[in-house]
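Now for the letters of each chain:
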Amino acid sequence: MRVEKTINNNIVVSSDEFHRETIVMGRGLGFKKKNGDQIDEAKVEKIFTINDQKSNTNFQKLVNEVPMERIQVADEIIRYAKNSLQKELSENIYVSLTDHINMAVDRAKADMEFQNPFGWEIKKFYYREYLIGKVAINMVKQRLGVQLCEDEATFIALHIINAELNLDMSHMVSMTKMIQDIIDIVEEYFDIQLDKNSIYFERFVRHLKFFSQRLFTGQSIYDDKKNEDMLDLFRLRYPDAFACTKKIKQYILDTCEHEISDEEMTYITVHVKRLITEHE
């Protein structure tokens, strides 16, 4: 491996055997190195290969400003998240999470804590990612000796969710708010408090997560005459649940300018009916 560009004393840019640009990290790796110099492979601690050019460029800029041990912790969190979720994450997480960990550590050292306004929703709707966030806090404590506040687990979870869905953060926040708003509509319409620990509530939330994901990625469910007939049946059989679903439909139209399909109306009506039946 040879140096193609020196970022700082600890980080250089090179290429792998497939001629892909790589970011190589190690103590003193770039010290007094010039382009074309051989890389001391005994000093290599981590190699990043980020295929997305924009993420690669942004990550190179970021690692020049962030202490190496913080970059390593962020990478450890990302690897743990991938293994726990058993899925690939958008490469932009190397930029977003590294930047977040760096700022979170600085805030903690300055005794400045931020509260996540969607903390409860993240814990409830994205529990696996929240648990990863809690593990991440422990990693930061063990590796850097810095205790992050509890809300940081939900902030870290948001970055992971965002990387799972490959959406920007504003869409991720909007999705979370939408789920909570729809739950509020159901509770207000029937003047009840839903059991947040019930299996029917969990299924409803899971459906809303997939629905909101489709909505914000521009996907839609195919609608046909059969779905219209089924909705007519549910309108007659479950009038209260259907009326509540119409309010949800109007909310989606008002906030997202999106007309949900008859099939989606049918699914939501069934979920609402199950929730109400369970409550009764």
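Cut-offs and rules
- Residue positions are given per chain, counted from 1 along the sequence in the order it is written.
- Owing to the predicted nature of the model, reporting of local features is limited to residues with pLDDT of at least 70; listing and counting of side-chain atom pairs is limited to 80 or more, with chain, interface and lining totals taken over all residues.
- Only hydrogens and water are set aside when side-chain values are computed; all heavy atoms of the structure are taken into account.
- The helix and strand labels rest on DSSP assignments: H or I over at least four residues marks a helix, E over at least two residues marks a strand, and numbering proceeds from the N terminus.
- Each radius of gyration reported is based on C-alpha atoms, and the globular scaling rule is 2.2 Å times the count of residues to the power 0.38.
- For every residue, the accessible area (1.4 Å probe, protein chains only) is compared with the maximum for its type, and the residue is labelled buried under 20%, exposed over 50%, or partly exposed between those bounds.
- Throughout, a residue-residue contact means that at least one pair of heavy atoms, one from each residue, lies within 4.5 Å.
- In these tables, accessible area is a Shrake-Rupley quantity obtained with a 1.4 Å probe, and a residue counts as shielded only by the protein chains included in the view.
- Charge counting treats Lys and Arg as positive and Asp and Glu as negative, with His and both chain ends excluded.
- Charged side chains are reduced to one point each, which is NZ for Lys, CZ for Arg, CG for Asp and CD for Glu.
- When DSSP finds at least two bridges between two strands, those strands are taken to pair.
- To get an axis, a line is fitted to the C-alpha atoms, and for a helix only the part in contact is used. The angle between two axes follows their N-to-C directions and goes from 0 to 180 degrees.
- For salt bridges, the criterion is a side-chain nitrogen of Lys or Arg within 4 Å of an Asp or Glu carboxyl oxygen.
- Under the convention used throughout, the expected extent of a helix is 1.5 Å for every residue step, that is, one less than its residue count.
- If an angle is under 35 degrees, it is roughly parallel; if it is over 145, roughly antiparallel; if it lies from 65 to 115, roughly perpendicular; otherwise it is oblique.
- By convention, the crossing between two helices is left-handed when the near helix turns anticlockwise from the far helix through less than a right angle, and right-handed when the turn is clockwise.
- Ten residue types, Ala, Val, Leu, Ile, Met, Phe, Trp, Tyr, Cys and Pro, are classed as nonpolar, four, Asp, Glu, Lys and Arg, as charged, and the remainder, Gly among them, as polar.

J.: Go over the overall build of the chain, please, and point to the residues and values.
T.: Each helix and strand counted, the chain has 11 helices and four strands in total. Compactness check: the chain gives a C-alpha radius of gyration of 24 Å against a globular reference of 19 Å for 280 residues, more than 25% above the reference. When each of the 280 residues of the chain is scored for burial, the buried share is 49%. Put simply, 67% of the contacts in the chain that link residues at least 6 apart link residues at least 24 apart. Carbon and sulfur atoms provide 47% of the accessible area of the chain, an area that totals close to 14700 Å². With 38 positive and 47 negative side-chain charges, the chain shows a spacing of 4 Å between the two charge centroids.

J.: Which residues make up the sheet that holds strand β1 (residues 5-8), and what values go with them?
T.: The strand order β1-β2-β3-β4 describes an open sheet built from four strands, whose pairing is antiparallel. Lying at the two open borders of the sheet, with one neighbouring strand each, are β1 and β4 (46-48). With direction set aside, neighbouring strand axes in the sheet form an average angle of 30°. Taken together, the five bridges between strand β2 (residues 11-15) and strand β3 (residues 21-25) define a ladder with antiparallel strand orientation. Along β3, the bridge assignment pairs V13 with I23.

J.: Describe the pattern of salt bridges, naming the residues involved and giving the relevant values.
T.: The tally for this structure, following the rule as stated, stands at 16 salt bridges. For E88, the salt bridge goes to K82, with nearest N and O atoms at 3.7 Å. Judged by relative accessible area, E88 falls into the exposed class, the value being 62%. Close ionic contact of E187 with K196 constitutes a salt bridge, the shortest N to O distance being 2.8 Å. For E187, a relative accessible area of 11% gives the class buried. Several salt bridges share partner residues, and in doing so they unite K46, D75 and R79 into one network.

J.: Quick one: what's the story with helix α2 (residues 68-85), residue by residue and with numbers?
T.: Taking 1.5 Å per residue as the helical rise, α2 with its 18 residues ought to reach 26 Å, and the 26 Å between its terminal C-alpha atoms agrees with that figure. M68, R70, I71, V73, A74, D75, E76, I77, I78, A81, K82 and L85 are the residues of α2 that are buried. The first or second residue beyond α2 is Q86, which carries a positive phi of 55°.

J.: Pulling in residues and values, what's your account of the pairing of β1?
T.: Regular strands place their side chains on alternate faces of the sheet. Inspection of the sheet shows β1 paired to β2 by three bridges, in the antiparallel sense. Bridged to T6 within β2 is V12.

J.: Would you mind going over the packing of α2 against helix α3 (residues 93-109) in detail, with residue names and values included?
T.: Two elements in contact, α2 and α3, have axes whose closest approach is 9 Å; the angle formed by their N-to-C orientations is 125°. Here α2 lies oblique to α3, going by the angle between them. Two packed elements cross with a definite hand, and for α2 against α3 that hand is right-handed. Of the residues in α3, those in contact with R70, I71, A74, D75, I77, I78 and K82 of α2 are I93, Y94, L97, T98, I101, N102, V105, D106 and K109. Among the residues making up the contact of α2 with α3, the classes are represented as nine nonpolar, two polar and five charged.

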